[in-house]
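Chain by chain, the residues:
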Amino acid sequence: MDLFDNLALGFGVAFTFQNLIYAFIGCLLGTLIGVLPGVGPVATIAMLLPATYALPPIAALIMLAGIYYGAQYGGSTTAILVNLPGEASSVVTMIDGYQMARKGRAGPALAAAGMGSFFAG
């Protein structure tokens, strides 16, 4: 029973409005930096780490998680549209996604990558 109490407490803290805003900002910044070819999630976190210094510890960790997952998704965007993977995990996305983009189906390819990133993350 103690496990469920701790789990409920963790979700209660994570789903506060302030922490959800920090997660959104982290995802947005991570996606914007992650779109750059060759800049993976680890480099994105290294570049944006100083932005979290003034935040409370919980908010900073939530924002860093958002930055990481946003950068993962940003790498798939360049893999689909430019045929240039941002990191090693985008190579498989590049194979099918770029072919879809060449046939005029870039929107569905980006949507599939976004849905996969959302549910897998």
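Our subject is the structure listed above.
Analysis parameters
- Residues numbered from 1 in each chain as written.
- Predicted model: local features only at pLDDT ≥ 70, side-chain atom pairs only at ≥ 80, totals over all residues.
- Heavy atoms only, no water.
- 1 Å grid on protein atoms, 1.4 Å probe; cavity = no way out; pocket = protein on both sides within 12 Å on 5 of 7 lines; lining within 4 Å.
- Points joined across faces, edges and corners; volume = space filled by probe spheres on them.
- Helix = DSSP H or I, 4+ residues; strand = E, 2+ residues; numbered from the N terminus.
- Nonpolar A, V, L, I, M, F, W, Y, C, P; charged D, E, K, R; others polar.
- Buried < 20%, exposed > 50% of the residue type's maximum accessible area, 1.4 Å probe, protein only.
- Arc of directions from axis to C-beta.
- Contact = heavy atoms within 4.5 Å.
- Axes fitted to C-alpha atoms, helices over the stretch in contact; angles between N-to-C directions.
- Left-handed = near helix turned anticlockwise from the far one by under 90°.

A.B. asks: Would you take a moment to explain the layout of surface pockets for this structure?
C.D. replies: To locate leftover empty space, one rolls a probe as large as a water molecule over the atoms. Estimates place the volume of the largest pocket at around 600 Å³. Among the elements of the structure, helix 2 (17-34), helix 4 (57-81) and helix 6 (106-120) are those that each provide at least two residues to the lining of the largest pocket. Looking at the lining of the largest pocket residue by residue, the classes come out as 11 nonpolar, 6 polar and no charged. In this structure, the second largest pocket spans a volume of roughly 200 Å³.

A.B. asks: Can you help me understand helix 3 (residues 41-48) in this one?
C.D. replies: An α-helix turns once per 3.6 residues; consequently, residues spaced three or four apart project the same way. Residues P41, T44 and L48 constitute the buried set of helix 3. In an axial view of helix 3, the angular spread of the buried residues amounts to 60 degrees, which keeps them on one side of the axis. In helix 3, the exposed residues that point more than 90 degrees away from the buried face are V42 and A46. On its buried face, helix 3 is in contact with helix 2 and helix 4.

A.B. asks: How do you make sense of the packing of helix 2 against helix 4 when you look at a structure like this?
C.D. replies: Between two packed helices, both the angle of their axes relative to each other and the distance between the axes serve to describe the pair. Two elements in contact, helix 2 and helix 4, have axes separated by 6 Å at closest approach and are oriented at 35 degrees. Every pair of crossing elements has a handedness; the one defined by helix 2 and helix 4 is right-handed. Residues N19, Y22, A23, I25, G26, C27, L29, G30, T31 and G34 of helix 2 form the contact with helix 4, whose own contacting residues are I58, A59, I62, M63, G66, I67, G70, A71, Y73, G74 and G75. Class assignment for the residues of the contact of helix 2 with helix 4 results in 12 nonpolar, 9 polar and no charged.

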